[in-house]
Structures are given as C-alpha cells and as structure tokens.
Amino acid sequence: LFASVTILVAVNPFVCNNISFQLSCSATFGVIVIAPAIFKILTAKTADSFADKVVKAVMSIVSVALGANLATLPFSLWHFGSFSAVSLITNLFTTHLVTATLILAVLGIATCFVPFVSKIFLLAAGLCAKIILFLLNSLGSLPYAIFEVAHNKIFSVLTACFVFVLTFVLLKLSKKRSDTVGNSV
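Residues numbered from 1 in each chain as written. Predicted model: local features only at pLDDT ≥ 70, side-chain atom pairs only at ≥ 80, totals over all residues. Heavy atoms only, no water.

Looking only at helices and strands, the chain has six helices and two strands in total. Reading the chain from its N terminus to its C terminus gives the helix and strand order α-α-α-β-α-α-β-α. Taken along its principal axes, the extent of the C-alpha atoms in the chain is 55 × 50 × 40 Å. With 185 residues in all, the chain has 27% of them scored as buried. Across the chain, every contact between residues at least 6 apart in sequence was considered, and the portion connecting residues at least 24 apart equals 71%. When the accessible surface of the chain is totalled, it reaches about 12000 Å², and 76% of it is carbon and sulfur. In the chain, 11 side chains carry a positive charge and 4 a negative one; their mean positions are 5 Å apart. (Helix = DSSP H or I, 4+ residues; strand = E, 2+ residues; numbered from the N terminus. Buried < 20%, exposed > 50% of the residue type's maximum accessible area, 1.4 Å probe, protein only. Contact = heavy atoms within 4.5 Å. Areas by Shrake-Rupley, 256 points an atom, 1.4 Å probe, with all protein chains shown as cover. Lys, Arg positive; Asp, Glu negative; His and termini not counted. Charge placed at Lys NZ, Arg CZ, Asp CG, Glu CD.)

Shown next, in the form of structure tokens:
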C-alpha cells in the first residue's frame with residue numbers, strides 16, 4: 001500500500017484530492033491494518049473445532065468489512081455527509097458473490113475461443129451480478145439504511161481522529177490478546 005501510494009503521488013500529487021483514491025487507500029488500510037486486529041480480538045477464545053472454524057470464517061468476513069468501513073468512514077462523511085448503516089450486512093452477503101462473479105467473468109474471457117463454454121461462464125457471472133444488485137437495492141432501500149449527517153467538515157475531522165485512536169486501541173488490544181493466548185498455550 002505504501003509503495004503504490006508513494007508512486008501514485010510522485011507521478012501525480014493531485015491524486016490525493018481524488019475521492020476514489022482516498023476511499024481505495026483508506027479501505028485497503030482498513031483491510032490490511034484494522035481488520036486483522038479486529039479478527040484477533042473476536043477470535044481470541046476460539047479453538048480448532050468445526051464450530052470454531054465456522055465462527056472464524058464468519059468473523060474473518062465481519063472483520064474485513066468492519067475494518068474497511070471504519071477506515072472509509074471519515075471520507076464518506078467528508079465527501080457525502082452520510083454513511084451506510086447496512087454496509088456490514090451487505091458485505092456479509094455479497095463478499096463471496098463478488099469473488100464468484102470475478103472468477104466466472106475471467107473464466108468466460110479466458111475460454112472465449114470456445115463460445116459455448118465461455119457463454120456459460122459469462123451467463124453465470126451475469127446472474128451473480130444481478131443477485132448482488134438485487135441485494136444492494138433491497139438492503140439499501142430499508143428504513144434507516146443511510147444516515148445523513150450535516151455536511152460538517154469538523155465532524156468529519158473528529159471522526160477521522162476517532163478512527164485513528166480506535167485503530168491504535170484495536171492494535172494494542174489485539175497484541176495483548178495474542179500475547180495472552182500465546183502464553184496460555
């Protein structure tokens with residue numbers, strides 16, 4: 001992340017003003033830094049049973065979604081004056097569908113020399129994409145799915161400070177938990 005950001009900023013310093021750049025970098029930071037800390041905290045007491053493995057799989061998705069959402073929250077508030085209350089739930093439902101859609105689309109393109117096979121992959125990818133859109137539209141239209149806040153830049157900065165402090169606390173807690181679990185084993 002650091003290397004790619006450095007290169008992009010070196011080539012075009014104005015990329016820092018790009019909303020997509022800000023959201024992408026912050027989401028990636030959330031997935032790389034915040035999500036593992038959340039995952040360690042949520043799964044500190046799990047063992048190696050089948051049920052615990054299922055819990056870990058679900059907590060992995062929750063951790064990634066929560067980490068990305070926390071990291072992008074200040075930018076969402078800054079630029080849009082709102083945040084999604086259903087994004088965590090949406091991510092739980094769509095994470096694997098997005099992966100399946102991408103894999104099916106790549107397979108469809110890779111097999112383009114065999115039209116029948118390619119068509120099956122691309123139709124399946126299209127079906128997955130339609131399911132994702134249906135879920136997004138359904139969950140997005142729920143009451144209170146989006147919380148509007150006053151387009152207040154000070155509130156956005158305070159939120160960014162809160163996320164920064166929360167990240168620091170999560171990292172400390174996850175280190176403490178992993179040290180505690182490591183010592184008890």
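Backbone geometry at Tyr144 places phi at a positive 65°, although glycine is not the residue there. Here Tyr144 is to be found in the loop between helix H5 (115-140) and strand E2 (146-148). Under the relative-accessibility criterion, Tyr144 is labelled exposed at 66%.

Below, the discussion takes up a nonpolar patch on the surface. Together, Leu1, Phe29, Val31, Ile32 and Val64 make up a nonpolar patch on the protein surface, roughly 380 Å² of accessible area in all. Ranked by residue count, the leading element in the nonpolar patch is helix H2 (residues 19-42), at three residues. (Patch = residues over 30% accessible without salt bridge, like charges linked within 9 Å, V, L, I, M, F, W, Y side chains within 5 Å. Salt bridge = Lys/Arg side-chain N within 4 Å of Asp/Glu carboxyl O.)

To continue, consider the confidence of the model for the chain. Averaged over all residues, the pLDDT of the chain equals 86, while 94% of them reach at least 70. The lowest-confidence element of the chain is helix H6 (residues 153-184), averaging 74 in pLDDT; the highest-confidence one is H5, averaging 94. (pLDDT = per-residue confidence, 0-100.)

Let us look at the nonpolar core. One finds Ile34, Ala37, Ile38, Ile41, Leu70, Ala71 and Leu170 forming the largest nonpolar core, which totals seven residues. Among the elements of the structure, H2 and helix H3 (50-80) are those that each provide at least two residues to this core. For this core, the element with the highest residue contribution is H2, accounting for four residues. Not counting the four nearest positions on each side in its chain, Leu70 is found in contact with Ile34, Ile38, Val163 and Leu166. Residues Leu97, Ala125, Ile132 and Leu135 belong to the second largest nonpolar core, which totals six residues. (Core = buried A, V, L, I, M, F, W, Y, C linked by side-chain atoms within 4.5 Å.)

Moving on: the state of the cysteines. Taken as a whole, this structure holds zero disulfides when the rule is applied. For the unlinked cysteine Cys16, the closest cysteine sulfur is that of Cys25, found at 8.1 Å. By relative accessible area, Cys16 is classed as partly exposed at 34%. Here Cys112 is not cross-linked by a disulfide; its sulfur's nearest cysteine counterpart is in Cys128, at 20 Å. You can call Cys112 exposed: its relative accessible area is 55%. (Disulfide = S-S within 2.5 Å.)

Let us look at the packing of H3 against helix H4 (residues 87-110). Relative placement of two packed helices is described by the angle separating their axes and the distance separating the axes. Two numbers describe how H3 lies on H4: the axes approach to 9 Å, and their chain directions differ by 125°. Regarding the angle of H3 to H4, the classification is oblique. Like other packed secondary-structure pairs, H3 and H4 cross with a definite hand, here right-handed. Contacts from Ile61, Val62, Ala65, Leu66 and Asn69 of H3 reach H4 at Ser87, Leu88, Asn91, Leu92, Thr95 and His96. Its residues assigned to classes, the contact of H3 with H4 shows six nonpolar, five polar and no charged. (Axes fitted to C-alpha atoms, helices over the stretch in contact; angles between N-to-C directions. Parallel < 35°, antiparallel > 145°, perpendicular 65-115°, else oblique. Left-handed = near helix turned anticlockwise from the far one by under 90°. Nonpolar A, V, L, I, M, F, W, Y, C, P; charged D, E, K, R; others polar.)

Here we come to H5. Under the 1.5 Å per step criterion, the end-to-end length of H5 is 36 Å for 26 residues, consistent within 8% with the ideal 38 Å. Close packing links the buried residues of H5 with H4. (Expected span 1.5 Å × (residues − 1).)

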